[in-house]
Structures are given as structure tokens and as C-alpha cells.
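Architecture at a glance
Residue-level listing of the chains:
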Amino acid sequence: MEKQAGNEKTGLVLEGGGMRGIYTAGVLDVFLEHNISFDGVIGVSAGAIHGCSYVSGQMGRSIRYYKKYCQDKRFMSLYNMIKTGDIVDEQFCYHELPENLDPYDYEAFGKSDIKYYVTCSNVDTGKAEYLQITDMKRQIDLLRASASLPYVSRIVETEGKRMLDGGCTDSIPVHAFMKMGYGRNVVVLTRRRDYVKEPEYGMLAGLYYRKYPKFAAALKKRHKSYNNARKLIRRLEEEGKAFVISPTEELSMGRTCHDPEEIQRVYDMGRKDAIRNLGNLEVFLEQRAM
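As the structure is a computational prediction, the values presented were derived from the model and not from experiment. (Residues numbered from 1 in each chain as written. Predicted model: local features only at pLDDT ≥ 70, side-chain atom pairs only at ≥ 80, totals over all residues. Heavy atoms only, no water.)

A few points about the packing of helix 2 (residues 46-55) against helix 3 (residues 61-69)
Following both chains from N to C, one finds helix 2 and helix 3 inclined at 130°, their axes separated by 9 Å at the closest point. It follows from the interaxial angle that helix 2 and helix 3 lie oblique. Across the interface between the two elements, I49, H50 and S53 of helix 2 pack against R61, S62, Y65 and Y66 of helix 3. For the contact of helix 2 with helix 3, a count of residues per class yields three nonpolar, three polar and one charged. (Axes fitted to C-alpha atoms, helices over the stretch in contact; angles between N-to-C directions. Helix = DSSP H or I, 4+ residues; strand = E, 2+ residues; numbered from the N terminus. Parallel < 35°, antiparallel > 145°, perpendicular 65-115°, else oblique. Contact = heavy atoms within 4.5 Å. Nonpolar A, V, L, I, M, F, W, Y, C, P; charged D, E, K, R; others polar.)

Dropping the structure here:
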């Protein structure tokens, strides 16, 4: 199915969640198989990682390299964090892997009609930044910033800004995407529909990020902004302005996982949920703006 005709742009919003994001990869591969496209895509953290392979049309790429390299200490490990300050190896994950080991199709990304955005957290302002990537190779640090988890990653300095994981300030940027002109959105979540985020971090945020008090404050209230986003999405669903695909069961894996079988299981769950929703999704995408 081609992109929505009419005046109102249709967007795809991808939540993060570390390794849980492989669920999203399963959903996106089904979209590619059925030629489901959008005017724009905005990803957060792991959602940004998998969203870029969707925009370049590389079906199966995410599950392939996740299973192959999940046990490689350069991919994600405590060892790597101690050695480099990042839980993932920057050179390996953002250069060697996409440029040589499992090539990313930079040319296809550049030719895509889909506008692609990543959400990052500005540690100086404590606010979310919604940044368009037009050249994935040149702007790879924006993708890296969006996926740089707090506490276990170094702050990424790029394009004159200091940034970390977009999920710290806006985990599900539906409201922001609507303000950018995407009035109807498909939202892929990595938590169950009934999930409610509890307070986290507490005093740790203030201590660890004492040089960035606005960012620390954002971390402390992250659960409130997350739950408010969930409420907004439910209201938009009722109004016919949002379509949600989410796990039918709580994903047991945490932000890190080194088990190829579990990664495959969660990916397959994403595929299953996407296929189950295809009929209703096609109806949603065919609707014209009122």
C-alpha cells in the first residue's frame, strides 16, 4: 500500500526500549513485505535504530545482525562500558558493522521519499530535540545520540549540541510529530497497551548528572511524561487519528539481551502482531482526512 493521498500527512512513530526494540523490527519487516509506507518516520533510541533500516528498505537486516552479533562484547556489554565509557562500541556499531560487516544501504536511504527523524535529549536544556536525518552516513552521530542510554553512555556532541537517548525526554513523540504536520500516526510500542511506567532514577539522576540539572530533572519526571503520552495516544485512537501496534504479552527481555533465541522469539512476536493487525491497519491508512 502506497502512502496516504490527500492533505494530511501520515507518520510512523517508533518507541525505544533497548533490545526490546527487536519487536519493532519484526513489525517493520511485515510493513516492508506488504509495501506499507508513510510520509514520515520518527524513531526514539532502538526505534530509531530499526526505523532507519525500514526507510532504506532492508527487510530482515535488523534480526540478522542482532542475532549474529548479540554475543559480541563490542555490540553491547559491561566490558565495553568499562573500557570505553559506552555500553556499545561506537566504532563497531556505527561504522564497522553498517559500513562493512552488514552494509547499510546509504544510497537507498538518501533516495527514499520518507522523511526520517530521530528524537534526542539535549542534556543542557533537558528538552527533546526532533532532528531530521537526510544523510545517514554523515549524520550517524544523531542516530547514535538517540540510542545512547543514560548512565551507561558518554554524552554525544554533534551539530553543536550535547545529547543522549531521546527516551529520557520524549519516549513516544506523537504530539511532537503531529505539530510537525503528521496528523494521523501509526505507533509501534514495545510495552503492552496497559503498561504504566513507575518512577525511576530518583536521587541518582541528580547526582550523576549534577552538571546538567535540567536533564536530571527531566529524568526524574520521565514516568509522568511517558504516561501522559500513553493517555494522548489512547485519545487519538478513539478519534481515529492513531493506530497502535503493541506486544500482546509483556516482553521478558530487558534493555540488554545476549540470547539469539530470545531475540528471535521477540522479533517473531512483532511479526505476528503486525500480521494480525494488517486488515485494520489498511483501513486506517485508506481513510482520507476529514
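Observations concerning the packing of aromatic side chains
Aromatic ring pairs are described here by two measures, namely the spacing of the ring centres and the angle between the planes. Taken as a whole, this structure holds 18 aromatic pairs when the rule is applied. Measuring from ring centre to ring centre gives 6.3 Å for Y65 and F75, while their planes differ by 75°; the resulting arrangement is edge-to-face. Residue Y65 is located in helix 3, and its partner F75 is located in the loop between helix 3 and helix 4 (78-84); the two are separated by ten residues in the primary sequence. The residues Y65 and F75 share a single accessibility class, namely buried. Where F177 meets Y182, the ring centres are 4.0 Å apart and the plane angle is 15°; that geometry is what we call stacked. The pair formed by F177 and Y182 is uniform in burial state, with each residue classed as buried. Joined through ring pairs, the aromatic side chains of Y104, Y106, F109 and Y116 make up one cluster. Over the ring of Y106 we find K137; its NZ or CZ atom is 5.6 Å from the centre of that ring. (Phe/Tyr/Trp six-rings, centres within 6.5 Å; stacked < 30°, edge-to-face > 60°. Buried < 20%, exposed > 50% of the residue type's maximum accessible area, 1.4 Å probe, protein only. Lys NZ or Arg CZ within 6 Å of the ring centre and 35° of its normal.)

Some words on the state of the cysteines
Throughout the structure, instances matching the rule amount to zero disulfides. We note that C52 lacks a disulfide partner, and the nearest cysteine sulfur, in C93, lies 12 Å from it. On the accessibility criterion, C52 (4% relative accessible area) is buried. Free cysteine C120: the closest other cysteine sulfur is in C168, separated by 10 Å. On the basis of relative accessibility, which here comes to 0%, the residue C120 falls in the buried class. (Disulfide = S-S within 2.5 Å.)

Concerning helix 1 (residues 22-33)
Its twelve residues give helix 1 an end-to-end C-alpha distance of 17 Å, which sits within 8% of 16 Å, the value for a rise of 1.5 Å per residue. In terms of residue burial, helix 1 counts as a mostly covered element, since ten of its twelve residues are buried. Three or more residues of helix 1 are buried, namely I22, Y23, T24, A25, G26, V27, L28, D29, V30 and F31. If you follow the buried residues of helix 1, they end up packed against strand 1 (10-14), helix 2, helix 3, strand 7 (184-188), strand 8 (242-245) and helix 12 (260-286). Positive backbone phi, at 55°, marks N35, one or two positions downstream of helix 1. (Expected span 1.5 Å × (residues − 1).)

Here's the deal with the nonpolar core
Of all hydrophobic cores here, the largest spans 65 residues; its most connected members are L12, F31, F75, Y116 and L143. Ranked by the residues each element gives to this core, the list is headed by helix 12, at nine residues. Within the second largest apolar cluster, 17 residues are counted, among which are V13, L232, A242 and V244. (Core = buried A, V, L, I, M, F, W, Y, C linked by side-chain atoms within 4.5 Å.)

A closer look at the side chain of R61
Of note, R61 is situated in helix 3. When its relative accessible area of 4% is taken as the criterion, R61 is described as buried. Engagement of the side chain of R61 in a polar contact is seen with the backbone oxygen of D102, the distance being 3.0 Å. Ignoring any residue separated from it by four or fewer positions in sequence, one finds R61 in contact with S53, L97, P98, D102, P103 and Y104. (Polar contact = N/O pair within 3.5 Å; in protein donor to acceptor, adjacent residues only side chain to side chain.)

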